[in-house]
Amino acid sequence: MDERLLTGTMKINEKNHLEIGGVDSLDLVEKYGTPIYVYDTLYIKEKARAFKAAFENRGVAAQVAYASKAFSCLAIYQLMAKENMSLDVVSGGELYTAIKADYPSEKIHFHGNNKSDAEIITGLDYRVGCFVVDNFHELNQLNKFTSIRKQMMNVLIRVTPGVEAHTHDYISTGQNDSKFGFDLTNGQAEMAIELTRKMPFINVMGLHSHIGSQIFETEGFNLAIDKVLNKAKEWKKQFDFKLKVLNVGGGFGIRYTTEDEPLPIETYINTIIDEVEQVSKELGLEMPEIWIEPGRSLVGDAGITLYQTGSQKEIPDVRNYLAVDGGMSDNIRPALYNAKYTGVFANRVSDQTEKMYSIAGKCCESGDMLIWDLPLPEAQTQDILAVFSTGAYGYAMANNYNRIPRPPVVFVENGVDFLAIERENYADLMRLERSLI
Ligand SMILES: *Cc1c(COP(=O)(O)O)cnc(C)c1O
């Protein structure tokens, strides 16, 4: 196998099994069954530290917020809090989880393009660090509630800089035709800034832009930074606007397959710092704090999913389907975005690959495929298939299609496993249901 897929603490042990966090993946399967999500928490911590260190090494004031929609649960919030990370939440549910995790409220950034009044009020009650305001409706509601309560709230204004990151369409958000943010070029962002001047309890700390996800180059960030800083300069003249914080979003790419070539964390951050420093200087602006919001790059390649193989369907001269005991219910990204993954048999990692298989899920959808054309050894029933880089938007997007219970989540570190989320059972699936008679 290609060693580049063995991220963090992953290795092939003396039994030819995949090992992660010092734990044999076959031991995890025996203990918890399949399918199962496994996270290498040491690797997550190393990445969190690398992001922070990249700013500290340059002496740049920064906040690194975990964009928790990538994988949201109590234990990961506790881990991120311990690492002194800031936290992005995008809904009342994520905020509730953060509150339950005792997340320091001043480190929470509240995102979302359609926050309900109840969500806004919960954010104000909990005194989150800032609201990332997405639209006029939210700005008005926030003004109303902060005025009634006479409570100051920090905000970042989310702008759409008109930059398209080179990535799949569905996960681009920086272009003009986006549901997110105030348009930077058509006067709407400017109008938002102007409105806030008459909002006594709204403290505009700065601007936010997020240009997309799974980005493998730095040009998109640089373009967005240029556009946003140029506007900040205009508004400085126009409204005496002061940009204290520039949030450049997340979207740093990871390796899903050997075709992906992500940049080192330091490269992304150094380029961003260079650009902000240089352009601020040119424009005569004070250097703002730089905030970033990595999600996928913190947890994505730290997670794997282990499945057991089952049925096969061989169509001579066409394709060999190999089915596993999960699918689009635990990883909808291939069906949703045509996302690519790769995998190995965790029970015999280094065995010679002999045959091409396409990995099917067990849901009643032809589109329920996890991987097309994966070379593997001749499959036996009950092989254990490890799919790499499922840590982001895997569990987070898991669902109960076909009444398939969601798999458990296990953290592994230093040879110790910790069950962070239990496996759902059938009774859980019916918990909210009432009988007709
Ligand atoms: C999704 C999102 C992120 C995180 O994106 P990743 O690709 O997971 O790093 C950050 N900021 C905003 C506003 C987002 O919507």
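Residues numbered from 1 in each chain as written. Predicted model: local features only at pLDDT ≥ 70, side-chain atom pairs only at ≥ 80, totals over all residues. Heavy atoms only, no water.

**Remarks on the site of the ligand**
In step 1: Around the ligand lies a shell of 14 residues, among which Lys-69, Ser-213, Glu-293, Arg-296 and Tyr-393 are the nearest.
In step 2: Side-chain polar atom of Lys-69 to an oxygen atom of the ligand: 2.6 Å apart, as the coordinates give it.
In step 3: The contact in question runs from an oxygen atom of the ligand to an N or O atom on the side chain of Tyr-393, over 2.5 Å.
In step 4: A breakdown of the residues in the shell around the ligand according to their chemical character gives 3 nonpolar, 7 polar and 4 charged. (Near = heavy atom within 4 Å. Polar contact = N/O pair within 3.5 Å; in protein donor to acceptor, adjacent residues only side chain to side chain. Nonpolar A, V, L, I, M, F, W, Y, C, P; charged D, E, K, R; others polar.)

**Concerning the nonpolar core**
In step 1: Formed by 88 residues in total, the largest nonpolar core has its most connected members in Tyr-66, Phe-71, Ile-76, Met-80, Phe-131, Ile-157 and Val-299.
In step 2: Two domains each donate at least three residues to this core, and these are domain 1 (3–40 + 300–429) and domain 2 (111–294).
In step 3: Once you skip the residues sitting within four places of it in the chain, Val-299 turns out to touch Tyr-39, Ile-44, Tyr-66, Ala-70, Phe-71, Ile-76, Met-80, Gly-391 and Ala-392.
In step 4: Core analysis: the next-biggest nonpolar cluster, separate from the first, contains 22 residues, Leu-26, Tyr-32, Val-344 and Val-349 among them. (Core = buried A, V, L, I, M, F, W, Y, C linked by side-chain atoms within 4.5 Å. Buried < 20%, exposed > 50% of the residue type's maximum accessible area, 1.4 Å probe, protein only. Domains from an automatic or database assignment. Contact = heavy atoms within 4.5 Å.)

**A look at the UniProt feature "binding site: substrate" (unreviewed entry) in the protein**
In step 1: Mapped onto this structure's residue numbering, the UniProt feature "binding site: substrate" (unreviewed entry) falls at Arg-296, Arg-333, Tyr-337, Glu-365 and Tyr-393. Spanning 98 residues, the named residues do not form one spatial group; their C-alpha atoms are separated by as much as 26.7 Å.
In step 2: For Tyr-337, the position within the fold is in helix α11 (residues 333–337).
In step 3: By the secondary structure assignment, Tyr-393 is in the loop between β19 (384–387) and β20 (409–413). (UniProt positions renumbered as here; feature names shortened; annotations may be inferred. Helix = DSSP H or I, 4+ residues; strand = E, 2+ residues; numbered from the N terminus.)

**Remarks on the pattern of salt bridges**
Where charged atoms from two side chains of opposite charge approach closely, those side chains can pair.
In step 1: Applying the stated criterion across every chain yields a total of 21 salt bridges.
In step 2: For Asp-125, the salt bridge is made with Arg-149, and the minimal N-O distance between the two is 2.7 Å. Of this pair, Asp-125 sits in helix α5 (residues 117–125) while Arg-149 sits in helix α6 (residues 136–149), and the two are 24 residues apart along the sequence.
In step 3: Linking Asp-383 and Arg-348 is a salt bridge whose minimum nitrogen-to-oxygen distance equals 2.8 Å. Residue Asp-383 is found in the loop between β18 (369–376) and β19, and its partner Arg-348 is found in the loop between β16 (343–345) and β17 (355–360); the two are separated by 35 residues along the sequence. Both residues of the pair, Asp-383 and Arg-348, belong to the buried class.
In step 4: Three or more residues are tied together by salt bridges with common partners; here these are Asp-2, Arg-4, Arg-255 and Glu-261. (Salt bridge = Lys/Arg side-chain N within 4 Å of Asp/Glu carboxyl O.)

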